Amino acid sequence: MLTMEPVVAPGGSSIDGNSMRKWTTKHGWFGDYDYRWLCLPSLPSARRKQPPFYGIDDELPLHALAMLAGLIAPPIILASSLMLDPSTSSYMISASLIGSGILSLVQMSRIKLWGGYYLGTGLLSVVGTSFATLSTATAIFDVMYANGTCPSTTAADGTVTRGPCPDAYGMVLGTSLICACLEIGLSFIPPRILQRIFPPMVTGTFILMIGSTLVGSSGIPDWGGGSNGCQTRPTSGIYQLCPTVGSPHALPWGSPQFIGLGFLSFVSIILTELFGSPFLKNASIIVGLAVGSGYIDGSTITSAPTITFLWVHRFKINVYPPAILPMLAVYVSVAMEAIGDITASAEVSRIPVEGEDFDSRIQGGILSDGIGGMISALFTVAPLSVFAQNNGVISVTRYGVVPFLIIFGCLGKISGFFLAIPNPVLGGVTTFLFASVAVSGLRVLSFVKYTRRDRFILAAALSFGVGDLLMPGIFTHLFDGVKNPNTGLQGLFESITILLSTPFLISGIIALVLNLILPQDRSQQDEDEEDVEVAQDLEIQLLEQERKM
């Protein structure tokens, strides 16, 4: 039998009562926050006031806009990779926001199941599309275009022009739906065992390569003008100019106008960090996007519907067999990320990060992620998981952020506005965003002891990861010599190609396997037990630093 655990605020009042007061009273709307400190700019040399502490059921004065950049970037990049029309692209942004709001409500809940198991963490957690999913989906799309699953044309000069392929997105959704069962199964494994299988050496390598891959495949190409094929500067076709030859202000990729526009957004993030108020610092990515809003193409806003919702556009749900192994690896990565994110949320909420209660929150969070991966596919949204960037910046109340995300998603004009942001502006901002992910991976790796064994594992993993990143096509022709393979064997070859061509997957798998098979000294085993506890503090320290900025 499923039961919802009653959630009680520190003062003894229920969350439902707090939510009612939040929306019906002046104090609920404006609170008693220090708005002078929150909104006034600061000088780098000034003495900075420490931010107040906010517990699990406290009201937070930060705005939901702080989360939007990480929520809207994945659908924009996925739609661009598949050459989808503006109407479909705008819908994908809206669906992502709506799905995030609905599934965040599930993640923030704490529904008691059977035998001491739970669904949801009961903590301040927002879900969004994992960057691991984004990187892997892009590699899957590349294979689909290469093998003819998606349409493309080749000009006389060898220029390849991709056509729209919405069915590919439906295949990724269908594949992720069935692969989510793996994360559901992982949720019933004790967290301590998972942390021993996936120590900081493995998770840090995963995260580092995820961020690095996205900087090279999406961030920098968009900064130069676009990542839809114009970055190769073809001599014929619609992608001779970026984003296309018929677009307003179209220029060749890498033009100084594009570079300058992206640099303007990038510098605005730095200036916001130097002089911005605490409110603006938490929304610095949105500030970077807003700086370039004067150069938007208003056609996508005009064509976007005023009101929209899920299933306005539908995709043919199907399973793409070569994508099964890569998506299984993605869900393993997502589960590992969830452990660190939930631990960080628990610590900043001053909830003990050990004991049965905490383990049940880890279990409930991973289970919610797995079920969310299935439900999000039915929502026509790429797999959603706990969103690390927003653990400490949820606005209003514990559930108050949910209405904002859903409302933003239902207002189609907002999605049209985000879609109208020029590629260089988006590139300048996402380059910083993805680089931040890579830095988080470096921070995880800083907790490694770096014994000879650790250095060997990391060197082996990065040999493939960095090499694949610098020479992306090295494994593309690996099986060209196999003559007339049957359908099953061809699918296996494509699956292996996707794994080998995705830097974070191949490097993470090598780190995982070597960590399991390489022997270690008994003294090092004792030290590794301490490393497990240190790893739990990783995301905690990152968030504490962000709160002090």
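Residues numbered from 1 in each chain as written. Predicted model: local features only at pLDDT ≥ 70, side-chain atom pairs only at ≥ 80, totals over all residues. Heavy atoms only, no water.

A look at the overall build of the chain
Turning to step 1, where the next piece is worked out: Helices and strands together make up the secondary structure of the chain, namely 23 helices and seven strands.
Turning to step 2, where the next piece is worked out: When each of the 549 residues of the chain is scored for burial, the buried share is 54%.
Turning to step 3, where the next piece is worked out: Summarising the internal contacts of the chain: among those between residues at least 6 apart in sequence, 80% fall at separations of at least 24. (Helix = DSSP H or I, 4+ residues; strand = E, 2+ residues; numbered from the N terminus. Buried < 20%, exposed > 50% of the residue type's maximum accessible area, 1.4 Å probe, protein only. Contact = heavy atoms within 4.5 Å.)

Some words on the state of the cysteines
Turning to step 1, where the next piece is worked out: Scanning all chains against the criterion turns up two disulfides.
Turning to step 2, where the next piece is worked out: Disulfide pairing places C150 opposite C165 at an S-S distance of 2.1 Å. Of note, the bridge from C150 to C165 carries an S-S torsion of about -70° and is left-handed in sense. Remark: C165 occurs in the loop between strand 6 (160–162) and helix 7 (166–186) and C150 occurs in the loop between helix 6 (131–146) and strand 5 (152–154); sequence separation between them is 15 residues. (Disulfide = S-S within 2.5 Å.)

A closer look at the environment of Q195
Turning to step 1, where the next piece is worked out: Here Q195 is to be found in helix 8 (residues 191–197).
Turning to step 2, where the next piece is worked out: Q195 sits 145 residues away from G340 along the chain, and the two C-alpha atoms are 9.8 Å apart.

Focus on the packing of aromatic side chains
Turning to step 1, where the next piece is worked out: A complete count under the given rule lists 12 aromatic pairs for this structure.
Turning to step 2, where the next piece is worked out: Between the aromatic rings of F266 and F432, the centroid separation amounts to 6.0 Å while the plane-to-plane angle is 75°, which identifies the pairing as edge-to-face. One end of the pair, F266, is in helix 10 (residues 256–275); the other, F432, is in helix 18 (residues 423–445), with 166 residues separating them in the sequence.
Turning to step 3, where the next piece is worked out: Its relative accessible area of 30% is what places F432 among the partly exposed residues.
Turning to step 4, where the next piece is worked out: With a centroid separation of 6.4 Å and 45° between ring planes, the pair formed by F404 and F408 is classed as tilted. With F404 and F408 both in helix 16 (residues 401–410) and four residues apart, this pair spans about one turn of that helix.
Turning to step 5, where the next piece is worked out: Residue class for F404 comes out partly exposed when judged on its relative accessible area of 23%.
Turning to step 6, where the next piece is worked out: A residue is classified by how much of its surface remains accessible, and F408, at 15% relative accessible area, is buried.
Turning to step 7, where the next piece is worked out: A network of ring pairs unites the aromatic residues W114, Y117 and F188 as a single cluster.
Turning to step 8, where the next piece is worked out: Here R110 stacks its cationic end above the ring of Y118, 3.9 Å away from the centre of that ring. (Phe/Tyr/Trp six-rings, centres within 6.5 Å; stacked < 30°, edge-to-face > 60°. Lys NZ or Arg CZ within 6 Å of the ring centre and 35° of its normal.)

A word on the pattern of salt bridges
Turning to step 1, where the next piece is worked out: Tallying each qualifying case throughout the model produces four salt bridges.
Turning to step 2, where the next piece is worked out: Between R361 and D357 there is a salt bridge; the shortest N-O distance is 3.2 Å. With a gap of four residues between them, R361 and D357 both fall in helix 15 (residues 356–378), about one helical turn apart.
Turning to step 3, where the next piece is worked out: Taking the relative accessible area as the measure of exposure, R361 reaches 10% and is therefore buried. (Salt bridge = Lys/Arg side-chain N within 4 Å of Asp/Glu carboxyl O.)

Digging into the packing of helix 5 (residues 86–108) against helix 17 (residues 412–419)
Turning to step 1, where the next piece is worked out: Packing of helix 5 against helix 17 brings their axes to within 8 Å, and their N-to-C directions diverge by 115°. Taken together, the axis directions place helix 5 and helix 17 in an arrangement best described as roughly perpendicular. By crossing handedness, the relation of helix 5 to helix 17 is classed as right-handed. For the pair helix 5 and helix 17, contact is made by P86, S89, S90, I93 and S94 and by G412, S415, G416, F418 and L419, respectively.
Turning to step 2, where the next piece is worked out: Taken together, the residues of the contact of helix 5 with helix 17 break down into four nonpolar, six polar and no charged. (Axes fitted to C-alpha atoms, helices over the stretch in contact; angles between N-to-C directions. Parallel < 35°, antiparallel > 145°, perpendicular 65-115°, else oblique. Left-handed = near helix turned anticlockwise from the far one by under 90°. Nonpolar A, V, L, I, M, F, W, Y, C, P; charged D, E, K, R; others polar.)

Some words on the confidence of the model for the chain
Turning to step 1, where the next piece is worked out: In this model, the chain carries an average pLDDT of 81, and 79% of its residues clear a pLDDT of 70 or more.
Turning to step 2, where the next piece is worked out: Averaged pLDDT values over the elements of the chain bottom out at 48 in strand 1 (residues 3–4) and peak at 95 in helix 7.
Turning to step 3, where the next piece is worked out: In this model, residues 3–16 is a region of pLDDT below 50 whose contacts with residues beyond four sequence positions or in other chains number 22 contacts.
Turning to step 4, where the next piece is worked out: Long-range and interchain partners of residues 390–399, a stretch whose pLDDT sits below 50, account for 54 contacts in this model, where long-range means more than four residues apart. (pLDDT = per-residue confidence, 0-100.)

Some words on the environment of K112
Turning to step 1, where the next piece is worked out: Note that K112 resides in strand 2 (residues 111–112).
Turning to step 2, where the next piece is worked out: Counting along the chain gives 252 residues from K112 to G364, while the straight-line C-alpha distance between them is 9.0 Å.

Re helix 19 (residues 452–470)
Residues spaced three or four apart along an α-helix face the same direction, because each turn holds 3.6 residues.
Turning to step 1, where the next piece is worked out: Look at helix 19: 26 Å from first C-alpha to last across 19 residues, which is about the 27 Å you get at 1.5 Å a residue.
Turning to step 2, where the next piece is worked out: Within the sequence span of helix 19, burial applies to R453, D454, I457, L458, A460, A461, G465 and D468. (Expected span 1.5 Å × (residues − 1).)

Some points on unusual backbone geometry
Turning to step 1, where the next piece is worked out: Note the cis peptide between C242 and P243, where omega equals -10°.
Turning to step 2, where the next piece is worked out: The phi torsion at M83 lies on the positive side, around 55°, for a residue other than glycine.
Turning to step 3, where the next piece is worked out: Residue placement: M83 occurs in the loop between helix 4 (65–81) and helix 5.
Turning to step 4, where the next piece is worked out: The exposure class assigned to M83 is buried, which follows from its relative accessible area of 13%.
Turning to step 5, where the next piece is worked out: The backbone of T380 sits at a positive phi, close to 65°, despite the residue not being glycine.
Turning to step 6, where the next piece is worked out: In this structure, T380 sits in the loop between helix 15 and strand 7 (384–386).
Turning to step 7, where the next piece is worked out: The exposure class assigned to T380 is buried, which follows from its relative accessible area of 6%.

Points about helix 20 (residues 487–501)
Turning to step 1, where the next piece is worked out: A rise of 1.5 Å per residue sets the reference length of helix 20, with its 15 residues, at 21 Å; its end C-alpha atoms lie 21 Å apart and thus fit the reference within 8%.
Turning to step 2, where the next piece is worked out: Buried residues of helix 20: G491, F493, E494, S495, T497, I498, L499 and L500, and no others.
Turning to step 3, where the next piece is worked out: Measuring from the side-chain oxygen of the N-cap residue of helix 20 to the backbone nitrogen of G488 gives 3.2 Å; that N-cap residue is N486. (Polar contact = N/O pair within 3.5 Å; in protein donor to acceptor, adjacent residues only side chain to side chain.)

Quick word on a nonpolar patch on the surface
Turning to step 1, where the next piece is worked out: On the surface, a cluster of nonpolar side chains totalling about 330 Å² of accessible area is made up of I270, L271, L274 and F275.
Turning to step 2, where the next piece is worked out: With respect to the element layout, F275 can be found in helix 10. (Patch = residues over 30% accessible without salt bridge, like charges linked within 9 Å, V, L, I, M, F, W, Y side chains within 5 Å. Areas by Shrake-Rupley, 256 points an atom, 1.4 Å probe, with all protein chains shown as cover.)

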